[in-house]
2 protein chains.
Amino acid sequence: MEHDTGELGSRDKVLLAAMTMFGEDPGARLSVRAVASRAGVSTGSLRYHFPTQRELQDEVLTRIYDLVVTDERIHDSTVPARDRLVGCLRQVLTRVGVGTQARDGMRKVVEEFVAPEPTEELHAAYLAIEREVRRRLEYWLTVLTNEGALPDGDNTRRARFLITVVNGLGLERALPAEDSILQSETDTLYTAVDCVLGP
Amino acid sequence: MEHDTGELGSRDKVLLAAMTMFGEDPGARLSVRAVASRAGVSTGSLRYHFPTQRELQDEVLTRIYDLVVTDERIHDSTVPARDRLVGCLRQVLTRVGVGTQARDGMRKVVEEFVAPEPTEELHAAYLAIEREVRRRLEYWLTVLTNEGALPDGDNTRRARFLITVVNGLGLERALPAEDSILQSETDTLYTAVDCVLGP
DNA sequence: ACCTGAACACCGTTCAAGT
DNA sequence: ACCTGAACACCGTTCAAGT
């Protein structure tokens with residue numbers, strides 16, 4: 001008959017604590033001790049479920065992005081425009097995934113579109129995907145423009161810029177990284193979005 | 001009549017030690033204790049001359065890159081700061097190449113660092129490279145900061161952002177693209193640089 | 001002015017010991 | 001199987017004390 005988090009396993013307690021902390025401050029450090037103590041769990045237990053700090057952060061990333069329902073988000077004007085746009089970009093990154101998924105994804109992209117001699121077909125196939133993503137991004141930017149949150153301007157260009165940033169982040173998810181990846185990804189997303197939204 | 005480093009002041013001893021260590025392994029950590037002990041100096045003394053670890057690393061960078069003449073570009077103050085920074089980023093992208101070279105390069109990166117299960121060695125190897133690039137970028141930013149072209153701020157964060165953009169552009173060079181890539185790359189570089197330099 | 005080294009408040013990871 | 005918490009080997013920074 002518990003009404004707190006007592007029924008949760010340690011793993012979930014840790015995850016809940018980490019996500020809460022991330023929610024409170026997306027730039028937070030999420031150190032072992034900070035998260036463990038917030039979760040009411042020992043550092044050893046945290047390590048048992050997440051053998052490395054990076055694994056914890058990856059899991060947090062996945063969960064966070066799963067929660068975000070996106071397209072609604074861009075219309076929710078109670079939230080600052082920059083947060084909404086960052087949320088949308090995060091949604092794009094969700095599909096990239098983390099860990100093995102991110103690495104497999106990048107491997108496939110390279111196998112399919114980079115390694116082979118670029119035929120007409122391949123070219124067209126990739127461009128179709130790329131255009132799809134850009135359209136989506138442009139749509140989000142349009143919403144913000146109509147709302148007055150984003151000055152009139154070349155939204156295609158802006159979208160291309162944001163896509164490049166997301167591509168860079170996606171690649172970095174597949175590559176080895178320091179374990180502060182969660183924090184620096186947030187930094188970069190906000191930097192890019194602020195850049196587009198202007199002063 | 002000393003023939004060792006005995007005549008050097010502590011500050012120089014520290015600098016010499018740090019630069020030697022950097023020379024031996026550009027991926028080295030250059031921690032307070034490691035450098036101080038190598039220099040035969042107390043941590044307190046090191047701190048006296050370099051109030052912060054960042055200041056030490058910046059000084060090392062400056063000395064190192066002042067030796068390497070390749071970066072004349074960043075020092076040429078007859079050119080606007082943004083153009084110089086974009087030039088430097090282009091220099092990084094030069095190594096990525098275009099066409100077949102870019103595709104081969106990306107394939108190799110993926111083969112080497114993405115596809116295999118990430119061992120400790122691989123991880124360290126990649127991080128060393130990454131850190132090297134970031135240091136270089138930070139150095140460029142420091143030059144602009146000292147010059148007054150760039151407000152004081154977190155240059156590490158700025159460097160990370162620019163690296164992500166360059167990573168994105170590199171990936172896009174390897175992928176199929178519309179033929180306006182040159183133009184959109186320039187757009188993106190300037191957007192990113194302006195974003196960093198501020199209004 | 002310059003230098004020392006201990007102390008502080010942190011890291012992430014490991015591990016013997018418990019249940 | 002899961003969890004504990006101490007211990008380890010590191011960080012960067014501060015500071016009273018010396019010369």
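Residues numbered from 1 in each chain as written. Chains lettered and ligands numbered in written order. Predicted model: local features only at pLDDT ≥ 70, side-chain atom pairs only at ≥ 80, totals over all residues. Heavy atoms only, no water.

Visitor: Mind laying out the nonpolar core, listing which residues take part and the relevant values?
Guide: By size, the foremost hydrophobic cluster in this structure holds 57 residues, and its most contacted members are A:L85, A:F161, A:L162, B:L85, B:W140, B:F161 and B:L162. Of all elements in the fold, only α5 (81-96), α7 (120-147), α8 (155-174) and α9 (181-197) of chain A together with α6 (81-96), α8 (120-147), α9 (155-174) and α10 (181-197) of chain B reach the threshold of two or more residues within this core. Within the second largest apolar cluster, 23 residues are counted, among which are A:L15, A:A18, A:A39 and A:F50. (Core = buried A, V, L, I, M, F, W, Y, C linked by side-chain atoms within 4.5 Å. Buried < 20%, exposed > 50% of the residue type's maximum accessible area, 1.4 Å probe, protein only. Helix = DSSP H or I, 4+ residues; strand = E, 2+ residues; numbered from the N terminus.)

Visitor: How would you sum up the protein's contact with DNA strand D? Please name residues and give values.
Guide: Near DNA strand D there are 16 residues, and of these A:S10, A:H49, B:R33, B:R47 and B:T52 occur at the shortest range. Sugar plus phosphate: this is where 55% of the atoms of DNA strand D within 4 Å of the protein reside. The separation between a phosphate oxygen of DNA strand D and a polar side-chain atom of A:Y48 is 3.0 Å. Contact distances for DNA strand D include 2.7 Å between a base oxygen and a side-chain N or O atom of B:R33. Elements supplying a minimum of two residues to the surface near DNA strand D: α3 (43-49) of chain A together with α2 (32-39) of chain B. No other element matches α3(A), which puts five residues into the surface near DNA strand D. Split into classes, the residues belonging to the surface near DNA strand D amount to three nonpolar, nine polar and four charged. (Near = heavy atom within 4 Å. Polar contact = N/O pair within 3.5 Å; in protein donor to acceptor, adjacent residues only side chain to side chain. Nonpolar A, V, L, I, M, F, W, Y, C, P; charged D, E, K, R; others polar.)

Visitor: Explain the interface of chain B and chain A to me, using residue names and the numbers behind them.
Guide: Counting residues at the interface gives 39 residues for chain B, matched by 37 residues for chain A. Between chain B and chain A, the buried area comes to about 3700 Å², and carbon and sulfur atoms account for 63% of it. Together, B:R103, B:V114 and B:P176 form the three largest contributors to the area buried by chain B at its contact with chain A, with a combined 17%. Linking chain B with chain A are two salt bridges. Linking B:R157 and A:D187 is a salt bridge whose minimum nitrogen-to-oxygen distance equals 3.5 Å. Taken together, chain B and chain A are joined by 10 residue pairs in polar contact (both at pLDDT 80 or more). Sorting the residues of the side of chain B that touches chain A by element identifies α7 (99-114), α8, α9 and α10 of chain B as the ones contributing at least two each. Take the side of chain B that touches chain A: its biggest share by element is 12 residues, from α9(B). (Contact = heavy atoms within 4.5 Å. Buried area = accessible area lost by both parts, 1.4 Å probe. Salt bridge = Lys/Arg side-chain N within 4 Å of Asp/Glu carboxyl O.)

Visitor: Before we move on, could you go through the protein's contact with DNA strand C and cite the residues and values that matter?
Guide: Close to DNA strand C lie 16 residues; A:R33, A:R47, B:S10, B:S42 and B:H49 are nearest. Within 4 Å of the protein, the contacting atoms of DNA strand C are drawn from sugar and phosphate to the extent of 54%. Measuring from a phosphate oxygen of DNA strand C, one finds a backbone N or O atom of A:V32 at 2.9 Å. Mapped onto the surface near DNA strand C, the elements with two or more residues apiece are α2 (32-39) of chain A together with α3 (43-49) of chain B. Here the surface near DNA strand C takes five residues from α3(B), the largest share from any one element. In terms of residue class, the surface near DNA strand C is built from three nonpolar, nine polar and four charged.

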